[in-house]
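# Reading the structure
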Amino acid sequence: MTDPAKVRRHAERVKELVASVVRTQVKDPRLGMITITDARITADLREATVFYTVLGDATAQSGTAAALESAKGLLRSTVGKALGLRHSPSLTFVHDDVTEHAKHIDDLLATARNADAEVQRRAAGANYAGEAQPYKLDDEAGAEGADDEVVVGQDRR
């Protein structure tokens, strides 16, 4: 069983190595403005998933994905040599669409904020549904219930 701390260290190292190699050694013109955001590696250290973001439109994203796929061999051999493992982990690249998720969350928060403002606007002019004092007070309860006798703890036969 592999130590989880060791797996995290290797994942962080894979992230750093891939970012360094992409910046310095990969000279593909299809490669856009890329940022390596995260890397995860399986417990057996055989497969690594590298998450990345690309600044630009859909054509820049597809070009960058193609460039990473073509440079996968170079990246895998560099990572394998640097980690010093018996088997070089296979690399899988996943586009990390953080900006779309952040925009979606911002839209949801704005909708919730508008709904809360509408509730507060409606509540400002609202009146109570019943009386102002819905509970009976002690002096009223004593006057109404004085004739009733309550027997507690005795058997009524």
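Residues numbered from 1 in each chain as written. Predicted model: local features only at pLDDT ≥ 70, side-chain atom pairs only at ≥ 80, totals over all residues. Heavy atoms only, no water.

### Some words on the overall build of the chain
Along its length, the chain carries five helices and three strands. In the chain, the succession of α and β elements from N to C terminus is α-β-β-α-α-β-α-α. A buried classification covers 21% of the 157 residues belonging to the chain. In the chain, the share of contacts with a sequence separation of at least 24, taken over all contacts with a separation of at least 6, comes to 62%. (Helix = DSSP H or I, 4+ residues; strand = E, 2+ residues; numbered from the N terminus. Buried < 20%, exposed > 50% of the residue type's maximum accessible area, 1.4 Å probe, protein only. Contact = heavy atoms within 4.5 Å.)

### What to know about the sheet that holds strand β1 (residues 33-41)
Reading across the sheet, the three strands line up as β1-β2-β3 and stay open at both edges, with mixed pairing between neighbours. Lying at the two open borders of the sheet, with one neighbouring strand each, are β1 and β3 (90-95). Between one strand axis and the next, the sheet turns by 30° as a mean value, whatever way the strands run. Relative to strand β2 (residues 47-55), β1 runs antiparallel, the two sharing eight bridges. Opposite Ile34, over in β2, you have Val54 as the bridge partner. In the packing of helix α2 (residues 58-70) onto the sheet, the strands contacted are β1, β2 and β3, and the crossing angle to β2 comes to about 150°. (Pairing = 2+ DSSP bridges. Axes fitted to C-alpha atoms, helices over the stretch in contact; angles between N-to-C directions.)

### Thoughts on the pattern of salt bridges
Summed over all chains, the structure comprises seven salt bridges. Its salt-bridge partner being Asp28, residue Arg30 comes within 2.7 Å of it at the nearest N-O pair. Between Arg122 and Glu118 there is a salt bridge; the shortest N-O distance is 3.0 Å. One end of the pair, Arg122, and the other, Glu118, are both in helix α4 (residues 98-124), four residues apart, so they sit about a helical turn from each other. Judged by its relative accessible area of 60%, Arg122 is exposed. When salt bridges that share partners are traced, they join Glu118, Arg121 and Arg122 into one network. (Salt bridge = Lys/Arg side-chain N within 4 Å of Asp/Glu carboxyl O.)

### Considering helix α3 (residues 72-83)
Note on helix geometry: an α-helix contains 3.6 residues per turn, so any two residues three or four positions apart are oriented the same way. Between its first and last C-alpha, α3 extends 16 Å over twelve residues, near the 16 Å set by a 1.5 Å rise per residue. Taken together, the buried positions of α3 are Leu75, Val79, Gly80 and Leu83. Take α3 and look down its axis: the buried residues cluster within an arc of 130°, on one side only. In α3, the exposed residues that point more than 90 degrees away from the buried face are Gly73 and Lys81. Considering only its buried residues, α3 is in contact with α1 (4-24), α2 and β3. (Expected span 1.5 Å × (residues − 1). Arc of directions from axis to C-beta.)

### Remarks on the packing of α1 against α3
Orientation of α1 relative to α3, taken along the N-to-C sense of each, is 130°, at an axis distance of 10 Å. Here α1 lies oblique to α3, going by the angle between them. Crossing hand, α1 versus α3: right-handed. Residues His10, Arg13, Val14, Leu17, Val18, Val21 and Val22 of α1 form the contact with α3, whose own contacting residues are Leu74, Leu75, Thr78, Val79, Ala82 and Leu83. Of the residues that constitute the contact of α1 with α3, the class distribution is ten nonpolar, two polar and one charged. (Parallel < 35°, antiparallel > 145°, perpendicular 65-115°, else oblique. Left-handed = near helix turned anticlockwise from the far one by under 90°. Nonpolar A, V, L, I, M, F, W, Y, C, P; charged D, E, K, R; others polar.)

### Remarks on the environment of Val26
You can see Val26 is positioned in the loop between α1 and β1. The exposure class of Val26 is buried, given its relative accessible area of 11%. Each C-alpha atom, one on Val26 and one on Ala71, is 7.0 Å from the other, the two residues being 45 residues apart in sequence. With residues up to four places along the chain from it excluded, the contact list for Val26 reads Val21, Leu31, Ala71 and Leu74.

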